Every structure is written in structure tokens, then in C-alpha cells.
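As a plain string of letters, each chain reads:
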There are 2 protein chains.
Amino acid sequence: MAAMKWWGWGVEGVEFTHEDKPALGPFIKEVLGLDVSRPTTAPLRFDQLQIADPTLPDALRAALEEAVGAEHVSVDPLDRVVHARGKSVRDLIRQRRGDLPRVPDVVVRPGGEDAVTAVLQAALKVDAVVIPFGGGSSISGSLEAPADEQRPIVSVDLGRLDKLLSIDEHARLATVQAGVFGPHLEQQLNARGYTFGHFPDSFTHSTLGGWIATRSSGMQSDRYGDIADLTRGLRVVTPNGTLVAQPVPSQSTGPSVREMVLGSEGRLGIITEATVHVRRLPQERKILGYLFPTFAAGLAAMRDVAASECSVSVTRVSDAPETMFSFATRKRSTLLDRVQSKALQTFLQRRLGFELRQMCLSFIGYEGSAGHVAQQRKAVGKIVKRHGGLCIGSSPGALYDQKKFDTPYIRDFLLDRGVPADVSETAMPWSRLQTVYDAVSAAGHGAFAQLGVRGYLMCHLSHSYHGGACLYFTFAFEPSPGADMLVEYDVVKSAIQQAFVDNGATLSHHHAVGTEHARWLEQDISAPGVAMLEALFSGTDPGRNLNPGKIV
Amino acid sequence: MAAMKWWGWGVEGVEFTHEDKPALGPFIKEVLGLDVSRPTTAPLRFDQLQIADPTLPDALRAALEEAVGAEHVSVDPLDRVVHARGKSVRDLIRQRRGDLPRVPDVVVRPGGEDAVTAVLQAALKVDAVVIPFGGGSSISGSLEAPADEQRPIVSVDLGRLDKLLSIDEHARLATVQAGVFGPHLEQQLNARGYTFGHFPDSFTHSTLGGWIATRSSGMQSDRYGDIADLTRGLRVVTPNGTLVAQPVPSQSTGPSVREMVLGSEGRLGIITEATVHVRRLPQERKILGYLFPTFAAGLAAMRDVAASECSVSVTRVSDAPETMFSFATRKRSTLLDRVQSKALQTFLQRRLGFELRQMCLSFIGYEGSAGHVAQQRKAVGKIVKRHGGLCIGSSPGALYDQKKFDTPYIRDFLLDRGVPADVSETAMPWSRLQTVYDAVSAAGHGAFAQLGVRGYLMCHLSHSYHGGACLYFTFAFEPSPGADMLVEYDVVKSAIQQAFVDNGATLSHHHAVGTEHARWLEQDISAPGVAMLEALFSGTDPGRNLNPGKIV
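Numbering of residues starts from 1 in every chain and runs along the sequence as written. Ligands are numbered from 1 and chains lettered from A, in the order in which they are written. Only residues with pLDDT of 70 or above have their local features reported here, since the model is predicted, and side-chain atom pairs are shown and tallied only from 80 upward, although totals for entire chains, interfaces and linings are computed over all residues.

## Re the interface of chain B and chain A
Part 1: On the side of chain A, 79 residues touch chain B, which itself brings 79 residues to the contact.
Part 2: Here a strand is any run of E in DSSP of at least two residues, a helix any run of H or I of at least four, and the numbering for each starts at the N terminus. In terms of residue count, the dominant contributor to the side of chain B that touches chain A is helix H20 (residues 527-540) of chain B (twelve residues).
Part 3: Tallied by class, the residues present in the side of chain B that touches chain A amount to 34 nonpolar, 35 polar and ten charged. Contact definition: two residues whose C-beta atoms, as placed from backbone geometry, lie within 7 Å. We call Asp, Glu, Lys and Arg charged. Ala, Val, Leu, Ile, Met, Phe, Trp, Tyr, Cys and Pro are nonpolar, and the rest, Gly among them, are polar.

Shown next as C-alpha cells:
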């Protein structure tokens, strides 16, 4: 897996474009007043960056070379810059400007757990800092060293630990090295007839260990569960030795150590291996599109699906602004055009009483045997109908399924045009979805107004559970002329996050805490909760050598 | 809810008897050589106990009276003795003998969270020990103070916190005070059309807070989930203030604080309130009986059910010894007689090729709409048939359902006859069930042989998951003449527990660690896991005032 661009998402040569999407330019012109036809800004060239020389004591370098082999110890400037941060919009803006953080002094690539142990021991011996690195896709600031860190910083890239080690066919558990990227994991499993079923938006550029360290969630979590549900056994190299959590289905052995590793963002150790649930590749897999007259109707339908006896793999419903955005990003002559056909629009308005600007696009996924899929579709169809919704077939879902991993590229496209765009997501009980949605809408638009900028805010529900769901917000705005876009970005992002915790929603459903969300942690899990995390971290890592400054 | 007997399970006047079970006496005679017709030993009378006077400094007493009201501060000897221990067979044996532990100095019964806070603060102020008490049903030694504890000991009985506070109908979440007992919780929920669906064997004598503090599991966990799945929001009075975990469905906020409280056995604070999943009372509820030719066939069928698209509420299959025991405990002229009818036996042997002494009884439960139940029964029926099993209808299941909460009483019945009986349960991946079963059988029978005693060991599978299941072992033996039964008990219990951890199974699936299982903890969760628990506990409770000595 090639490393991502030092200044943006994904690999060189792949980027988002408006040119094959005829409606997008006019749409962005309308909502943000922005002409997308040509880029206005560009990242610096790499040779323009001022990169501090590495601080790497000879003894540490020798020990690291001994640990992983000299060819896997890198002080290459590009390597160090790529490993310095994740891919939050704040990271992208600063990287593009050449505003580098405290860059790691060395990047090491251990080839096995023993090498990871040797790296950690070598670092602890000289009081160096260790930051584990998976795909580098964090958007919560989980990878950046504290600005004032004086000690040597070792970035431990787990990319060589990429093997499927074994599959327990009876228990449908796979033991996998933690550095494996999403596509390579699926490829190894698919070859044996299995799937992991974990598909976050970052899938192509994130790793199993990263998913575990951040409590990730994938778009088929309704069926497969979040990473916390999927992960059973663990091996984690800690300052006290290798933590081994057995892959038992459930246990009563005090507070769950497994759950302490989940979301630990490198604060407790380096995850080297996990034993995870896998499933047989489904006979049939289908994502159907639906339209609802309003977002409220869509939310109510998803709630009823969750409360029913139906089992689905995906539940997703966009609000009206996101629906309009989806229609605007459709490519030439795709089947989504049908949705905007005059005939359908007339039908929706005249026969179903839709107000087109309130209309919401939804996807519901089904997996399993053909009989199961048919039965679930039918049962869900009744619920959808009860809420005034309409099935529009499988073409929009197939399209969504194909392009879902391209979404993160759009941020670079917009930054090239001077526009920051970002996401904030949360989860809450079903009873609070509308309240949180309204509060976030007010907070986001309030922030735009306060800044005097034109902005766009859109949202979808995804990840349904028994008791609630995730709401995922995306926002973009054209900064004030002459303003620092980071300062203005903070105003909007903060308003949205604050609206979450003020309304009984969590600071993040699946993007972790890192540094970006740390200031809301106490408002979310309460001061005694923070004290418990501090007790855990400081007791396990008294020297603060393990990814210091994250979470608390 | 009346307190349990100070010397045994349940309330005065309720006990297990062989008299209405004609086959039981002969069965026990056959397998243990024991004549059950008359008791041979009895507990001491309460007035024969030597109970140390309480150590309760005036200032502490005054502060506790201030906190909860004088009428809820008790130094009554019976109250103190009842609160001194749980109900493990080790507890029962010692209580019956008058071998009392370090008895709490005072029992307080707070009526609200403020009172709990005041109690904890009062105790911390004078460096007293606080032990939360729910139903007192622990069988892992989670309630007993260390023998050498010199500080005053306050038992905090949560029994007055027994209210259902609210139901969020949209999110199907109920907020409930933690001291509520199982039956009272279901009664309050049923009145509103809901059920919690958590039915551990201890149901009648255990509380919501106790279930959470021990990571409990109920017999319908296949459908409803373990207590860890059912519990969302929490309020916990800790030395740092009240921990508040929001009832969000999932979150990415660092290591889960909620999961730290689950299984914490009072080491982190006192649970006062929880917000939990509830469900509408099902339209239909059915538990069907099945027979399998062998335990291996039954295990394989349960594994296939777990891997299928079926959704069931109960999966349970007994091994041949437990099946024989079940038949032996049937009452006069119950429908279970049919199973032992000559006609059926002939059919099983001649037509299905059963070897009757290998035959295994199984229960599978179904819940939901009538259509759902019918469909699941049919789908499961095919799997059962594939493994050579036979459905024997709903009567055995109904019987099992009625008498399931009576099981714990049998230990007192056997102790009255000089026989210790106990349980050890575990969980493991599907691929290891047979290995663990064989290893535990060998270990248990090996221990009987080593002691030169006649013993009985039986087992059932319960609680199926994607990746594995729980195996629940029950054993009894007639001690050697003149031997200390506790010493011999330890030989058997230890052999079984050791076989668990030696074979990739956990030390407990749902009975917690307490003091009984603490010595296997490091072998289960590894030394770095123990270090993480120690960091959490000592950082949160540096004075070791909260139920010291449990878990680690």
C-alpha cells in the first residue's frame, strides 16, 4: 500500500473532479457562490517545506536498526512528513501551507511482534516517544506529536504486519496482523470465501489496528457490528509486556481489558494482532434506494426498521440538503438521472404529495441468502410505505456502493478552490435525533452567520442500533476574504461539536477523540470518566512515552 | 424483597425437596451412593453464632445517619451477617458452620443518589471501607471483606433504589434505579408493555446494579444480549464525583468508561442508576425441547444455528449426565414422563439409532410475532434434523421455564446431606467446545479419583454467540469420611477452573472474578491486562476504600 499524499487524501494521481458531473458546478455556484471551474490555490511544493533535522541519538538509532533491520529505519524527509499527521481538514490546511508540526524523528517498520517489542523497549530505554501509525487516515489529530515535545519521536508504521494468519472455520474467527489495510484484508479473506464486512469511508487507506485504536464503524455496521463488536482477541505490545486478550465470545473477568484497548489511540501500547469475527461471503448483497417526503419521515422509518424483526445491513437517509448534493454529484447519464426525471418528479408531487426540495434520499442494504434478502426487502418495504416513502430500485444503491470511498477526496478539490469542508458525526437515542439535528443545523448556520460567510450544511443518518443511531454532518463554507480559514473553520466545527454534547449526543460516534475532540470529552463522559481514563493511561504508561497528549 | 437466609439460598420457607420427584432419590443413590431420605447435617442456629461487635466510630455513625436517616443505619447482627457474604458454596459451607468472615460493622440503606454520595464521602473521610450490596447472590466472593481489614466496614444495601424512573418509548430505553430486583423490574416494565429480558438463574434474588457490577448474563441472552449489551447509560458514585455515561448507542470517546464499570464489582464506585434496552413484550414466546443422539451432535447443531440466519432467544443443550439428572428431577406425572416412555424410547433407539445413555436434552427458545416464531422454528428444525435431533414439543420447555429459578436451592438440600455441589462456567470459541468439555471432564473426574470420592459432573451449553458459546458445568461429590469438605471442594473446583484457562476458555462467562476466581485472572487476561486493571483501580481509589481485594 503506497503512502498517502503528504498534503492530501489518497495516492498521487487520484483526485475528485467536477468535470464528469454536469450539475455540480452550478450547484456549488448556487449554494456557496463559488466558481469551481479553476483552482485558486495549491499546496506548496515538497521542496518548499522547511523540515527540521531529526533528533535521533545514535544509541536509539542503533537499537531501532537492531530491532527492525536497518532498511526499515527511515529518516527520509518525505517519510517523516507523511507520518507527522493524519488527514483532518485542519491537517490538510496546515500541510498545504507548509505549517508543519513537530515531525517524527524516525519512521520504523517492524516486521513482527518481536520487532515491535524491541522498538518499544528501545524507545522506553532512552525516554523516547512512540506513535503507532496505521494508514494515517485519522481525522481527529490522533497522530500528531505535541508541539513542544523535546524527546525523540519514533513513528511505528505497522504496514509490514499485513497477513491473514489463520481462519477458525468453526468459530468464524480470523486472526490477522494489525497493519493490514482494508482492501488487502478483504482480498485475503475473500479468497477463502469470507468477508470481514467492515467498510468505513477510509477503507482503502486505513488498517485493522487503526480501526481498533479509534473504535471505528463501517457502513454495514447494522449487520456486522462496529469494530468493537467485531474484535475478540487482541495482542498489544505494552510497557508491561504483551497483552493477550483471548478470542472468547463474552466473559466476566472484571472491567473488559479488550474494551480498554478499543479506542486507546496508542496510549496503552501497539496493537500487533487481532482475532475478529468473519462471515461467509453472502449469496446476495443488495442496496436499494428509497425516497422519503421529509427527513423526519426518513428518520421515523429507520427507527421503525430498527424496532422491527427485520435484519438489514445498511440504513442511511440523507436530509434534503444532502439529497440535493447527491443529485448534483451524479455523473453524466447515470441511472440516478431517472430520479430527477420529469415523469418521476410529477409522480412524486402529484401522487405522493412530495415537496421536492424536502425530499430525502435513503439507502437500505440487504445481505444473505436470496430468500432472506427477498423477505427483508418486503418487510422493510411495508415500513417505508407507512412513512410515505418510495423504493426507487437498486441502481442508486449500486452507484453509492461504488463511489463511497471517493468521498474523502472532495476536501482536497474544495481546498484547491479555497473552501474548507469537514465532517462531524455523533450518536444519540432515537428520541433525540430530531432535537440534535435541529440544534446542529441552528448552530452551524448560526456560525456561518456570525462569520458572515456562505456555508452549506448537510446530514445523513447511518448506523442504526436498538436504542439510537448516528447522525453524520458535512459542512463547507467560503471563508471571509483575508481571514485565516483555520480560525473560521474552528468557529463552525466548535459550534457543531458543542451542539452535540449540549443535546445528549456523543462527541463522536466513530472518529475518535485525538486532539480535535479532547476538549469536549469531559462534557461527554463526565469528569469522573476522564479521571478513570487518566488513571488507566498514567498507570500503564507513567513516563508518557506512548502517543502523549491524545484523548485526555 | 426480603433478605435471603443467612445460611443458604432464597427466603425462609422455600426449599428444594426430593419428595415430589420419585426418580431423584434412586438416581442420587446410584451416582453418589447417597441416601437422600433424611438430612444428616444442619446449619447452626443463629444464636449459636459468635458475631464480633461492630467497630463503628461515633463520627462515622453520625455521618451515616445524617446521610440516609437513622432508621436506615443498621447494626443488627442478622443484618450484618446476611451482608457479610454472597452465596457461593464456600460461603454456604462456612456460614452453616458458624465460620463467619470479617462481618460489616454497619449496613446502610440509602434512598437516593445524594444519600449514596453522602455515605461514600462519610466513609472516605474516616478511611472506612465501602462494599456495595445488591441481592447478595454473588457466588464469586465479591462481597466478603478481607479477613484482616482493620478499618470500619460499611455495607451499602441499594435495595431502596428500586424504581423504574422512565421509559423512552422511541429509543426503547428504560432508566432504572440500580437496586431493583429482577421480579420487581419486570413487573414495573410489564405493566407498561415492556420487558428487560434479563433472566439469570439468580433472577429472583439479584439486582440490576449487581448484574452490571458482575457482567451478568441471562438465559435469553441469545436474543436480548448480555448485561453489557443491554446497559447503555450509567450513573456511578465514585470518589471523584458522580460518573455519568450517556445512553448513546455507540461512541468513539477513547476506551469505554461504560465497559470499565461493567464488571467492576464495587471497585470504582457505587452504581445508582442505569439506562437499559427494553423491548415490547413479545406476542409469542415458546421454548421447545429437542433430543440429540450425542452431546457432540447437540453442540454442532447449536453452532450451525448460530451461523445461520435464524434468530432464537435461548440455545441450550445438556450433556448426557445432565440429561439423566433432568429426567431424574421430573415431578410425578409431568409431561417429561413422555420422553421416558417405552414407546418413545423404542422409536429413538430403533428408528433414529439413539444410544439412550448418550442422549442429550436441548431447549431452543423463540420470541416475537407469531409469524417470526413459526418461521424460526421451521428453519431451526431443519438444522436439528441434519444433526440427528428430534423435536419433543413445548411441554419440557415450559417446565424448564417454570423451574429454572429453583436450581440454586438444590445446593442447600445437598449440604443438608453432607454433599457440596457447585458450578463453574466458561466461554470459548466454537472450535474449542469439545476440547474444553473433554479437558474439564478429565480434570473433574481426575480430581474425584485423586480424592477417592464418588462424584458427578454434568454440563450444558448455553448462551450462543457468533464466535462461541458458554459451557456451564455442575459438580457434586460425597466427601471422604472425616475430611474437610472445603479442602476437597477446592481440589475439584481448582481442577476445573485450571482446565478452562489451560484450554483457551475464560475463567468465567458470567459469574465474575471476586476472590474465588482471582488467582486465574492473570492466566486469562495476561499480566499486562492485570496491570491495566490495577492502574484503573488504584488511580480511581488510591486509598483502597472501595470493596478492596476483589478482582485483582
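Structure's up, so let's keep going.
## Points about the sheet that holds strand E18 (residues 468-477) of chain A
All names here are of chain A.
Part 1: Pairing in this open sheet of seven strands is antiparallel, and the strands run E15-E12-E14-E13-E17-E18-E16 from one edge to the other. Of all the strands in the sheet, the pair left with one neighbour each is strand E15 (390-393) and strand E16 (421-429). Across the sheet, the mean angle separating the axes of adjacent strands is 25° when strand polarity is ignored.
Part 2: Bridging between strand E12 (residues 284-292) and strand E14 (residues 360-368) involves nine bridges; their strand directions are antiparallel. Across the sheet, Arg 285 pairs through a bridge with Glu 367, a residue of E14.
Part 3: Strands E16, strand E17 (455-464) and E18 of the sheet are contacted by helix H17 (residues 433-451), whose axis makes an angle of about 15° with E18.
Part 4: Each axis is a line fitted through C-alpha atoms, and for a helix only the stretch in contact is used; angles between axes span 0 to 180 degrees, taken between their N-to-C directions. Its contacts with the sheet place helix H18 (residues 485-502) against E16, E17 and E18, and it is angled at close to 5° to E16. For two strands to be treated as a pair, DSSP must find no fewer than two bridges joining them.

## Some points on the relation of the copies chain B and chain A
Part 1: By a simple turn and slide, chain B fits onto chain A: the slide is 0.0 Å along the axis, the RMSD is 0.0 Å, and the turn is 180°. Taken together, the turn and the small shift mark the pair as related by a two-fold rotation axis. In terms of C-alpha distance to the rotation axis, chain B has B:Leu536 as its closest residue, with the C-alpha 2.3 Å off the axis.
Part 2: Both copies present the same face, since 100% of the interface residues in chain B are matched by interface residues at the equivalent positions in chain A. Superposing the copies works by least squares over the C-alpha atoms of residues that have pLDDT at least 70 in both of them.

## With respect to the nonpolar core
Part 1: Core analysis: the biggest nonpolar cluster contains 325 residues, and A:Leu64, A:Val119, A:Val154, B:Leu64, B:Val119 and B:Val154 have the highest contact counts within it.
Part 2: With sequence-adjacent residues up to four places away left out, B:Val119 is seen in contact with B:Leu64, B:Ala67, B:Val68, B:Val108, B:Pro110, B:Val154 and B:Val156. Each nonpolar core reported here comprises buried Ala, Val, Leu, Ile, Met, Phe, Trp, Tyr and Cys residues connected via C-beta atoms within 7 Å. For the exposure call, what matters is how many other C-beta atoms sit within 10 Å of a residue's own: 20 or more marks it buried, 12 or fewer exposed, and in between partly exposed, using C-beta atoms placed from the backbone.

## Regarding helix H5 (residues 113-125) of chain B
All names here are of chain B.
Part 1: A helix is expected to span 1.5 Å multiplied by its residue count minus one. In a regular helix each residue adds 1.5 Å, so 13 residues correspond to 18 Å; H5 covers 18 Å between its end C-alpha atoms and thus fits that length.
Part 2: Listed as buried for H5 are Ala 115, Val 116, Val 119, Leu 120, Ala 122 and Ala 123. Considered in projection along H5, the buried side chains sweep an arc of 160° and stay on one side of the axis.
Part 3: Turning to H5, the residues buried within the fold contact helix H2 (58-68), strand E2 (106-108), strand E3 (129-133), strand E4 (153-157), strand E8 (231-238) and strand E10 (270-277).
Part 4: Where H5 terminates, the next one or two residues include Asp 127, which has phi positive at roughly 55°. Working note: the arc is built from the helix axis to C-beta atom directions.

## Brief notes about the domain arrangement of chain A
Part 1: Entries for chain A in the domain assignment read domain 1 (56-157), domain 2 (164-280), domain 3 (284-408) and domain 4 (418-539).
Part 2: Marked domain ranges trace back to an automatic or database domain assignment. Computed from C-alpha coordinates alone, the two centres of domain 1 of chain A and domain 3 of chain A are separated by 44 Å.

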